[in-house]
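Chains, contacts and geometry: an overview
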Amino acid sequence: MAGSKRKANQTEKDRKKSMERRRIVLFSSAIVILLIAAIGIMIFKDQQKNEAKPVKKPATHRTEQVAQIDYDGQPFIGSTSAPVKIAEFADYRCPYCKAFEESIVPRLEKDYIKTNKVSFYFINYTILGPGSVLAAEASEEVFHQNPRGFWAFHQALYKAQGSETKEWVTKNLLTDIAKQTVPSLDMKAFQNALDTQSHKQAIDSDNEMAESLGVPGTPAVFVNGKLIEAAQNYAILKQAIDTALQKK
């Protein structure tokens, strides 16, 4: 009898332990299920937020149709009523700009500008340091005083271009070029412009326009607002001009 009683007691203890283990397992399982459900809800909400926000691709001027160039107040040659406008963003210290001025612009003049098909605009983009800014200041003052004399000064300044690795632009050089090319200039006003940077705002405005257009470097050439890659190749530039003319 005593043995049977002990056995019964042991059986009851085992049954209680088994039930307790089941409760622990059920409770743990419930917690795990709740955690999984909470994580699932968080992931679902995050997905909804991401789907609600459309992905906006950054705009680039190369993918947009036509750049908005402000031609007002810029030096130009050609007819104001020419159907095609070419804008060159350039730096007087840039050797590639010098090559463009001396080898491409004369061909443009002969083929398109003198026939009133194209007007050509020069816009500063001073990316090569203080000398570039000083040269632009000088050209702006010449243009301000004598728009017709600007191009003689402009061409002579490129002709005088020194090494890109050296700072060859000086006030004395600019003054000498101005005296030789546009003798009618008020030289006191010219030198004062160099000293006080009186055209800084105009130069800054040119630079800001170049940057807003995504100009990659100099020279950068736009034909009716469209940036032309490899415009230093006259055949490529000519094709772009002819295409623009056909659209008019």
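Model, not experiment: these values are computed from the prediction.

Another point: the overall build of the chain. A count of helices and strands for the chain gives 8 helices and 5 strands. Classification of the 248 residues of the chain by burial places 37% in the buried group. The long-range share in the chain, meaning contacts at least 24 apart out of those at least 6 apart in sequence, stands at 78%. Total accessible area on the chain stands at roughly 15,600 Å², and carbon and sulfur atoms take up 55% of it.

Let us now look at the side chain of N124. Residue position: N124 is located in strand β3 (residues 118-124). Here E140 takes part through its side chain, which lies 3.0 Å from a polar atom of the side chain of N124. If sequence neighbours within four positions are ignored, N124 has contacts with F89, A90, Y92, A136, S139, E140, D206 and N207.

With that out of the way, let us pick up the layout of surface pockets. Here the largest pocket is characterised by a volume of approximately 240 Å³. Take the lining of the largest pocket: its biggest share by element is 3 residues, from helix α8 (residues 234-246). Residue composition of the lining of the largest pocket, by class: 5 nonpolar, 2 polar and 3 charged.

Right, let's get into the packing of aromatic side chains. Within the structure shown, the criterion is met by 11 aromatic pairs. Ring plane angle 50° and centroid distance 6.3 Å describe the contact between F120 and W151, whose orientation is recorded as tilted. With F120 in strand β3 and W151 in helix α4 (residues 150-159), this pair connects stretches of sequence that are 31 residues apart. Residue classification places W151 among the buried residues on the basis of a relative accessible area of 11%. On the numbers, 5.0 Å between centres and 90° between planes, the contact of F150 with W151 is edge-to-face. Of the aromatic side chains, those joined through ring pairs into one cluster are Y92, F100, F120, F122, F143, F150, W151 and Y158. The ring of Y71 carries K85 above its face, with NZ or CZ at 5.7 Å from the centroid.

Our focus in this paragraph is the pairing of β3. Within β3, 7 of the 7 residues are buried, leaving the element largely enclosed by the surrounding structure. Of the two faces of β3, the one carrying V118, F120, F122 and N124 and the one carrying S119, Y121 and I123 are both buried. Looking at chain direction, strand β1 (residues 76-77) and β3 are connected through 2 bridges and run antiparallel. What sits directly across from F76, in β3, is Y121. For strand β2 (residues 84-90) and β3, the ladder comprises 7 bridges, and the chain directions are parallel. Bridge assignment links K85 to a residue of β3, and that residue is S119.

What counts and how
Residues numbered from 1 in each chain as written. Predicted model: local features only at pLDDT ≥ 70, side-chain atom pairs only at ≥ 80, totals over all residues. Heavy atoms only, no water. Helix = DSSP H or I, 4+ residues; strand = E, 2+ residues; numbered from the N terminus. Buried < 20%, exposed > 50% of the residue type's maximum accessible area, 1.4 Å probe, protein only. Contact = heavy atoms within 4.5 Å. Areas by Shrake-Rupley, 256 points an atom, 1.4 Å probe, with all protein chains shown as cover. Polar contact = N/O pair within 3.5 Å; in protein donor to acceptor, adjacent residues only side chain to side chain. 1 Å grid on protein atoms, 1.4 Å probe; cavity = no way out; pocket = protein on both sides within 12 Å on 5 of 7 lines; lining within 4 Å. Points joined across faces, edges and corners; volume = space filled by probe spheres on them. Nonpolar A, V, L, I, M, F, W, Y, C, P; charged D, E, K, R; others polar. Phe/Tyr/Trp six-rings, centres within 6.5 Å; stacked < 30°, edge-to-face > 60°. Lys NZ or Arg CZ within 6 Å of the ring centre and 35° of its normal. Pairing = 2+ DSSP bridges.

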